[in-house]
Amino acid sequence: SLARSQGQEFAVYALGQDESHLRQIRIANRLQEAIGEDVFHLLYQPKFSIGERRINGAEALIRWDDPELGQVFPDEFITIAEQTGIISKLSEWVVARVIEDQVNLRKAGIDIAISVNLSGLDVLQDGFVDGILEDVQSAGLPVDSVVLEVTETAMMADADSARRNMERVEKLGMRISIDDYGTGFSSLAQLRSLPVRELKLDRSLVDTIDEELGDRLIVRSTIDMAHHLGLEVVAEGVETAAILALLRDMHCDVIQGYLLAKPMTVNALGELLEQESRNTAHITETLDHHA
Ligand code: C2E
Ligand code: MG
Ligand code: MG
Ligand code: MG
């Protein structure tokens, strides 16, 4: 009967809730120890400049392969890391690894900017972003070789202290990017006063522009306004040629997504960039065919 099947569904749902709660507790417990172990690594997802027809950056994305928990994705553990106060240690680990990889890429003659995702809590903590800038400089890297990605919601949460922290490093040449734009409730007018150079349109906004006229209009006008404010626009989550073509027509500057490249190891990134410089990269071909 209907009632019975509803009851069963409810039971399954309740069980699912319990299981996910249990996993969250296990993740919280493991995070404390895992930070000192060798269980994290970074993958890099290329960012492709439409105008320059080349990869002009890459975003570092953390991965956690745990012997006990299996693969844990950032969407699962970043929030828990924030709640348990471990996020700044994790961010420090990410930044240190990115700097190390950047130094090696440059030794190999590869010059691209690498973006790091920061938590809103990192940006609120006085001295944290200044520390990143100092570390980048002590490693002998140009200040703009590391870009900081901060989510829209994090920037609006405590705009004043976050703004002050970001302004200092931005004045010294570090680039700051607004991540996941379109998921919060801020307007470009509010974001205008922040020291940012780049706006990343969230995948949820981008992936329907070929179907929904309304979404297409929103993305088009957001790109136009961002350009008027002097911001470079990145579209994330580009999965189809149709969406790429629309974004190019809308003068979107940079695209990122599975259509062009999935997150990859630093070695694979280095190889891809070498192929690109020899004009044999599959990624350039994809873009030429579709855009
Ligand atoms: P994000 O910064 O917005 O990163 C984009 C996410 O979308 C990544 O997921 C990426 O793998 C995925 N993605 C890229 N292209 C496509 C596509 O074409 N289709 C689909 N379906 N997905 C695509 P990931 O790596 O699981 O990261 C999720 C989120 O976790 C990130 O969102 C970011 O907010 C956070 N995160 C990742 N690494 C770090 C980190 O090192 N530190 C901090 N604080 N947060 C991180
Ligand atoms: Mg990001
Ligand atoms: Mg994003
Ligand atoms: Mg996201």
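Residues numbered from 1 in each chain as written. Chains lettered and ligands numbered in written order. Predicted model: local features only at pLDDT ≥ 70, side-chain atom pairs only at ≥ 80, totals over all residues. Heavy atoms only, no water.

The name given to the chain in an unreviewed UniProt entry is Diguanylate cyclase (GGDEF) domain protein, with Congregibacter litoralis KT71 as the source organism.

> Quick one: what's the story with the site of ligand 1, residue by residue and with numbers?
Surveying the vicinity of ligand 1 reveals 22 residues, the closest of which are Arg63, Asn117, Asp179, Glu239 and Tyr258. At 3.0 Å from a nitrogen atom of ligand 1 is found a side-chain nitrogen or oxygen belonging to Gln45. Between ligand 1 and Arg63, the relevant distance is 2.8 Å, taken from an oxygen atom to a side-chain nitrogen or oxygen of the residue. If ligand 1 stood free it would expose 800 Å²; the protein chains cover 87% of that surface. (Near = heavy atom within 4 Å. Polar contact = N/O pair within 3.5 Å; in protein donor to acceptor, adjacent residues only side chain to side chain. Areas by Shrake-Rupley, 256 points an atom, 1.4 Å probe, with all protein chains shown as cover.)

> Before we move on, can you summarise the coordination of the magnesium ion (ligand 3) with the specific residues and values?
Around the magnesium ion (ligand 3), the protein contributes the donor atoms Asp179 (OD), Asp180 (OD), Glu236 (OE) and Glu236 (OE), which lie 2.1 to 2.7 Å from the metal centre. In terms of primary sequence, the donors binding the magnesium ion (ligand 3) are separated according to D-D-x55-E. Between the magnesium ion (ligand 3) and the magnesium ion (ligand 2) the interatomic distance amounts to 4.0 Å, and Asp179 serves as a bridging ligand to the pair. Of the two residues, Asp180 is situated in strand E6 (residues 175-181) and Glu236 in the loop between strand E8 (232-235) and helix H11 (241-249); the sequence distance between them amounts to 56 residues. With relative accessibility at 23%, the residue Asp180 sits in the partly exposed group. (Donors = N, O, S within 2.8 Å, 3.2 Å for Na, K, Ca; no water. Helix = DSSP H or I, 4+ residues; strand = E, 2+ residues; numbered from the N terminus. Buried < 20%, exposed > 50% of the residue type's maximum accessible area, 1.4 Å probe, protein only.)

> Describe unusual backbone geometry, listing the residues and the values that go with them.
The phi torsion at Asp180 lies on the positive side, around 55 degrees, for a residue other than glycine. Look at His251: it is not a glycine, yet its phi comes out positive at around 65 degrees. With respect to the secondary-structure elements, His251 resides in the loop between H11 and strand E9 (254-255).

> Tell me about the pattern of salt bridges, residues and numbers included.
One pass over the structure, following the stated rule, counts 16 salt bridges. Between Lys200 and Glu59 there is a salt bridge, and its shortest N-O distance comes to 2.9 Å. With Lys200 in strand E7 (residues 198-201) and Glu59 in strand E2 (residues 54-66), this pair connects stretches of sequence that are 141 residues apart. When its relative accessible area of 0% is taken as the criterion, Lys200 is described as buried. With a closest N to O distance of 3.9 Å, Glu232 and Arg175 form a salt bridge. (Salt bridge = Lys/Arg side-chain N within 4 Å of Asp/Glu carboxyl O.)

> Residue-level account of the packing of aromatic side chains, with values.
Evaluated as defined, the whole model comprises four aromatic pairs. Where Phe40 meets Trp64, the ring centres are 5.3 Å apart and the plane angle is 45 degrees; that geometry is what we call tilted. Within this pair, whereas Phe40 is found in strand E1 (residues 40-49), its partner Trp64 is found in strand E2, the two being separated by 24 residues in sequence. Here the aromatic cluster, defined as three or more aromatic residues joined through ring pairs, consists of Phe40, Trp64, Phe77 and Trp93. Sitting over the ring of Tyr258, Lys262 keeps its end group 4.8 Å from the ring centre. (Phe/Tyr/Trp six-rings, centres within 6.5 Å; stacked < 30°, edge-to-face > 60°. Lys NZ or Arg CZ within 6 Å of the ring centre and 35° of its normal.)

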